[in-house]
Amino acid sequence: QLHLVESGGGLVQPGGSLRLSCAASGFTLDDYAIGWFRQAPGKEREGVLCFSSSGGNTHYADSMKGRFTASRDNVKNTDYLQMNNLKPEDTAVYYCAAAKFLEDSYCSGYVYEYNYWGQGTQVTVFS
């Protein structure tokens, strides 16, 4: 079974930072593309970025470029999402998801292209 578990969410002030973790089990992260998504109340789930071993970070929202970046610890088989200069509009449930694509260069920002999902972790930024 493939499992993803997010952690690291919490309450932060505007301008603060947070690092989310996505711990994988049952598969090796390097064999998959890992997408980060978020869903705010009343909003559709949107792609934040995609991380792959070959391509690194691919951002899908201009508002998060320069503030969010993903990284990987292969020993721990865990991905991280570093979130800096957080804003109230960043408040959402954040998810990591995994998918295997035919080409290593492709890294998707679309919900429907992912097969495996974590349970999400809440990030709340005080206004």
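Anything mentioned here points back to the structure above.
Residues numbered from 1 in each chain as written. Predicted model: local features only at pLDDT ≥ 70, side-chain atom pairs only at ≥ 80, totals over all residues. Heavy atoms only, no water.

### Topic: the pattern of salt bridges
Then, number 1: Under the criterion given, the structure shown has 7 salt bridges.
Then, number 2: Here Glu46 and Arg38 are joined by a salt bridge, their closest N and O atoms 2.8 Å apart.
Then, number 3: The closest approach of N and O atoms between Arg72 and Asp79, which form a salt bridge, is 2.6 Å. The same class applies to Arg72 and to Asp79, which are both buried.
Then, number 4: Salt bridges linked by common partners bring Arg38, Glu46, Arg67 and Asp90 together as one network. (Salt bridge = Lys/Arg side-chain N within 4 Å of Asp/Glu carboxyl O. Buried < 20%, exposed > 50% of the residue type's maximum accessible area, 1.4 Å probe, protein only.)

### Here's the deal with the sheet that holds strand 3 (residues 18-25)
Then, number 1: Spatial strand order, 1-3-8-7: 4 strands in an open sheet with antiparallel pairing. Both outer strands of the open sheet, strand 1 (3-7) and strand 7 (68-73), are each paired with one neighbouring strand and no more. Averaged over all pairs of adjacent strands, the angle between their axes in this sheet comes to 20 degrees, without regard to strand direction.
Then, number 2: The pairing of strand 3 with strand 8 (residues 78-83) spans 6 bridges and is antiparallel. Residue pairing in the sheet places Arg19 in a bridge with Gln82 of strand 8. (Pairing = 2+ DSSP bridges. Helix = DSSP H or I, 4+ residues; strand = E, 2+ residues; numbered from the N terminus. Axes fitted to C-alpha atoms, helices over the stretch in contact; angles between N-to-C directions.)

### Details of unusual backbone geometry
Then, number 1: With phi around 55 degrees, Asn77 is a residue other than glycine that occupies positive phi space.
Then, number 2: Note on placement: Asn77 falls in the loop between strand 7 and strand 8.
Then, number 3: Phi is positive for Asn85, close to 50 degrees, though the residue is something other than glycine.
Then, number 4: Mapped onto the fold, Asn85 is located in the loop between strand 8 and strand 9 (92-99).
Then, number 5: For Asn85, a relative accessible area of 42% corresponds to the partly exposed category.

### Overview of the nonpolar core
Then, number 1: Grouped together as the largest cluster of nonpolar side chains are 27 residues, with contacts concentrated most on Trp36, Phe68 and Tyr94.
Then, number 2: Apart from the residues within four sequence positions on either side, Phe68 is in contact with Arg38, Val48, Leu49, His59, Leu81, Gln82, Met83, Asn84, Leu86, Asp90 and Tyr94.
Then, number 3: Judged by nonpolar contacts, the second largest core, of 8 residues, contains Phe37, Ala97, Ala99 and Tyr114. (Core = buried A, V, L, I, M, F, W, Y, C linked by side-chain atoms within 4.5 Å. Contact = heavy atoms within 4.5 Å.)

Just distances and angles here, no functional claims.
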